[in-house]
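Remarks on the overall topology
Residues per chain are reported as follows:
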Amino acid sequence: AQKVTQAQTEISVVEKEDVTLDCVYETRDTTYYLFWYKQPPSGELVFLIRRNSFDEQNEISGRYSWNFQKSTSSFNFTITASQVVDSAVYFCALSRHPTGNTPLVFGKGTRLSVIA
Amino acid sequence: DTEVTQTPKHLVMGMTNKKSLKCEQHMGHRAMYWYKQKAKKPPELMFVYSYEKLSINESVPSRFSPECPNSSLLNLHLHALQPEDSALYLCASSQVMIGQGKIYGYTFGSGTRLTVV
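As a starting point, this report considers the structure included with it.

Rules behind the numbers
Residues numbered from 1 in each chain as written. Chains lettered and ligands numbered in written order. Predicted model: local features only at pLDDT ≥ 70, side-chain atom pairs only at ≥ 80, totals over all residues. Heavy atoms only, no water. Contact = heavy atoms within 4.5 Å. Buried area = accessible area lost by both parts, 1.4 Å probe. Salt bridge = Lys/Arg side-chain N within 4 Å of Asp/Glu carboxyl O. Polar contact = N/O pair within 3.5 Å; in protein donor to acceptor, adjacent residues only side chain to side chain. Helix = DSSP H or I, 4+ residues; strand = E, 2+ residues; numbered from the N terminus. Nonpolar A, V, L, I, M, F, W, Y, C, P; charged D, E, K, R; others polar. Core = buried A, V, L, I, M, F, W, Y, C linked by side-chain atoms within 4.5 Å. Buried < 20%, exposed > 50% of the residue type's maximum accessible area, 1.4 Å probe, protein only. Disulfide = S-S within 2.5 Å.

**Let's talk about the interface of chain B and chain A**
Each partner contributes to the interface: chain B provides 26 residues, whereas chain A provides 25 residues. Where chain B abuts chain A, roughly 1,900 Å² becomes buried across the two surfaces, and 61% of that area is made up of carbon and sulfur atoms. Joining chain B to chain A, the criterion identifies zero salt bridges. The tally of links between chain B and chain A comes to four residue pairs in polar contact (both at pLDDT 80 or more). Among the elements that make up the side of chain B that touches chain A, the one with the highest residue count is strand β4 (residues 31–37) of chain B (four residues). The class makeup of the residues in the side of chain B that touches chain A is 17 nonpolar, six polar and three charged.

Structure (C-alpha cells):
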C-alpha cells in the first residue's frame with residue numbers, strides 16, 4: 001500500500017523567513033512518482049513539481065527547492081524568503097508508474113500561513 | 001488545450017434533487033478521476049476511469065453515479081444526496097502511458113463546490 005505522511009499540520013512564519021515542509025512516503029514499488037501541489041483558498045490544485053524515483057537530483061525553481069532523499073523516503077519542500085502569497089495548503093502526493101489505474105495518493109496537507 | 005474544465009463551479013441542491021457535474025479535457029488523456037475534498041482535508045479518491053471504463057470505485061455510495069461517455073468527458077450524476085456530501089469535487093486527468101515525449105502528470109480542474117441543503 002502507498003502512504004504519504006505530512007507531519008506538520010499548520011506552520012506560521014513571518015514574511016521573508018525560510019520554511020521547509022516535510023513529506024515522508026511509503027511504497028513497495030521501485031518505480032513511482034512524487035508530486036507537490038499548492039491549494040490556495042480558491043480551491044484549485046496548482047502543480048508545483050514532479051519527481052520520479054530514479055531522479056534523485058534536487059531541484060530549485062526560483063524561491064522553491066525540493067530535496068528528494070530515497071534513503072529516508074523523504075521529499076521535502078523549502079520556500080526561501082517566504083511571501084504572503086505563499087499562504088496556502090501544500091500537498092505532497094505519490095503515484096505508481098502509470099498503467100491507467102494509478103490515482104494520486106495525497107498526504108493530509110500542511111497549511112502555511114505567511115504573516116506580513 | 002492543457003486544461004481540465006469543470007462545470008458548474010458552484011452548485012446548491014436539495015436532498016431530493018438530481019444534478020450532474022461535468023468534467024472535460026482535450027489533452028488526449030485516457031485516465032480520468034473524481035476526487036472529493038471536505039474542508040481542511042486532502043482530496044479523497046472516488047472513481048477512476050481508464051479508457052472510458054470504470055477501473056476503481058472506492059466504495060462510493062450509489063447516490064453518486066459516474067459516467068464516461070467518451071474519452072474527453074466525465075460526468076458525476078448526483079441523486080438524493082445528504083448534507084454531509086457537501087464538499088469540493090475535483091476532476092483530474094492523466095496520461096496512461098508515458099514515453100515518446102509525453103510527460104507524466106495529473107491535471108486538475110478547479111472543482112465544483114457543492115452544497116446540499
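Here the narrative resumes, following the displayed structure.
**What to know about the nonpolar core**
The biggest cluster of nonpolar side chains holds 24 residues, and the ones touching the most others in it are A:Trp36, A:Trp66, A:Phe77, A:Tyr90 and A:Leu112. Contributing elements (two or more residues each) for this core: β2 (10–14), β3 (19–21), β5 (32–39), β6 (46–52), β8 (64–69), β9 (74–79), β10 (88–96) and β12 (110–115) of chain A. Broken down by element, this core gets its largest block of residues, four residues, from β10(A). Membership of the second largest hydrophobic core comes to 23 residues, among which are B:Val4, B:Cys23, B:Phe64 and B:Ala87.

**A word on the state of the cysteines**
For the coordinates displayed, the defined rule picks out two disulfides over all chains. Across the disulfide, A:Cys23 is cross-linked to A:Cys92 (sulfur-sulfur distance 2.0 Å). The sign of the S-S torsion, about -65 degrees, decides the handedness of the disulfide formed by A:Cys23 and A:Cys92: left-handed. Of the two residues, A:Cys23 is situated in the loop between β3 and β4 (24–26) and A:Cys92 in strand β10; the sequence distance between them amounts to 69 residues. Cysteine B:Cys68 remains unbridged, with the sulfur of B:Cys23 as its closest cysteine sulfur at 9.1 Å.

Fair warning: the whole summary comes from geometry, so function is off the table for now.
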